[in-house]
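Coordinates in review
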Amino acid sequence: RTDRLQQIMNVVASFCHSTFTQNRDILNWYLNDAGFTEDQISPYQVGYSPSVDVLTKFLYAKVDNISDGEIRLLELARSDLWNHALVYPIHDYHGDVARYYCKPLSGEASGKYMSTSNAHPLYTKSLLYGWHVARRHLRNAGGKIVVVEGQKACIASGGATVATMGTELHTEQAEILRAAKVS
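Residues numbered from 1 in each chain as written. Predicted model: local features only at pLDDT ≥ 70, side-chain atom pairs only at ≥ 80, totals over all residues. Heavy atoms only, no water.

Within the chain, the regular secondary structure consists of nine helices and six strands. Here the C-alpha coordinates of the chain stretch approximately 45 × 40 × 25 Å along the principal axes. A buried classification covers 46% of the 183 residues belonging to the chain. Across the chain, every contact between residues at least 6 apart in sequence was considered, and the portion connecting residues at least 24 apart equals 64%. Computed over 18 positive and 18 negative side-chain charges, the inter-centroid distance for the chain is 5 Å. (Helix = DSSP H or I, 4+ residues; strand = E, 2+ residues; numbered from the N terminus. Buried < 20%, exposed > 50% of the residue type's maximum accessible area, 1.4 Å probe, protein only. Contact = heavy atoms within 4.5 Å. Lys, Arg positive; Asp, Glu negative; His and termini not counted. Charge placed at Lys NZ, Arg CZ, Asp CG, Glu CD.)

With that settled, the discussion passes to the pairing of strand S3 (residues 97-104). Counting buried residues along S3, eight of its eight residues qualify, which places the element largely inside the surrounding structure. As defined by bridge partners, strand S2 (residues 85-91) adjoins S3 across seven bridges and the pair is classed as antiparallel. Looking at S3, one finds that Tyr88 is bridged to Tyr101. Taking the residues that link successive antiparallel strands as the turn, the S2-S3 hairpin has five residues, and the phi of Gly95 there is positive, at about 95 degrees. (Pairing = 2+ DSSP bridges.)

Before going further, it helps to examine the pairing of S2. Here S2 lies mainly inside the structure; seven of its seven residues are buried. Here S2 shows no split at all, with Ala85, Val87, Pro89 and His91 on one side and Leu86, Tyr88 and Ile90 on the other all buried. Alignment of strand S1 (residues 47-49) against S2, held across three bridges, turns out to be antiparallel. The residue of S2 that forms the bridge with Tyr48 is Leu86.

So, about the sheet that holds S2. On the basis of which strands lie adjacent, the open sheet formed by four strands has the order S1-S2-S3-S4 and antiparallel pairing. If you trace the sheet from one side to the other, it starts and ends with S1 and strand S4 (114-115), each paired once. On top of the sheet, helix H1 (residues 2-22) reaches S1, S2 and S3; it is set at about 35 degrees to S3, its chief contact. (Axes fitted to C-alpha atoms, helices over the stretch in contact; angles between N-to-C directions.)

On to the environment of His17, then. Residue position: His17 is located in helix H1. His17 gets classed as buried once you look at its relative accessible area, which sits at 13%. Between the alpha carbons of His17 and Gln173 there is a distance of 26 Å; along the sequence they are 156 residues apart. Once residues lying within four places of it in the same chain are set aside, the contact partners of His17 are Ile41, Ser42, Gln45, Val46 and Gly47.

Taken as a whole and judged by the stated rule, the model has eight aromatic pairs. Arranged with centres 5.8 Å apart and planes meeting at 55 degrees, the rings of Tyr88 and Tyr113 form a pair that is tilted. Taken together, the positions of Tyr88 in strand S2 and Tyr113 in the loop between S3 and S4 put the pair 25 residues apart, joining distant regions of the chain. Taking the relative accessible area as the measure of exposure, Tyr88 reaches 0% and is therefore buried. Through pairs of rings, three or more aromatic residues link up here, namely Tyr44, Tyr88, Tyr113 and Tyr129. One cation-aromatic arrangement involves Arg135 over Tyr93; the distance from NZ or CZ to the ring centre is 4.2 Å. (Phe/Tyr/Trp six-rings, centres within 6.5 Å; stacked < 30°, edge-to-face > 60°. Lys NZ or Arg CZ within 6 Å of the ring centre and 35° of its normal.)

Shown next as structure tokens:
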């Protein structure tokens, strides 16, 4: 079952990233606002979700036999997360999407980062934003990784940088870095 949920999460990330790069108005606004280039955001699969309806219609068309239960379990029907929102997929150690942070661009939650819940079936405290990118740069960085707080700081720093997605480094996150012999 985990493989199936992982597949759905990866499909959502690809869809949102593709939607973002095709929506030139929102993409250009974001790039100008953040000071990023498309090359900087591409490895992180930063994306955009126009609405829950668009997202779920896409999933029903592209994922064989996806159920309403799977969509609810993965929190893909939450309008507070997925309506007119920037999407930051959080990849696990293997590079698969395990969680999302979204930033609604309008509405009551506008401008606030919101995430799938800690009850999400793929959530773990060991997740580090950008780890799937930083791992590829470890050798060139002499085994050193910069740890920052948020997604945008991670993207801006690039390469050998990860984000805790909060103000503290959890024990589980530190264990991942220690196991990789990061200094």
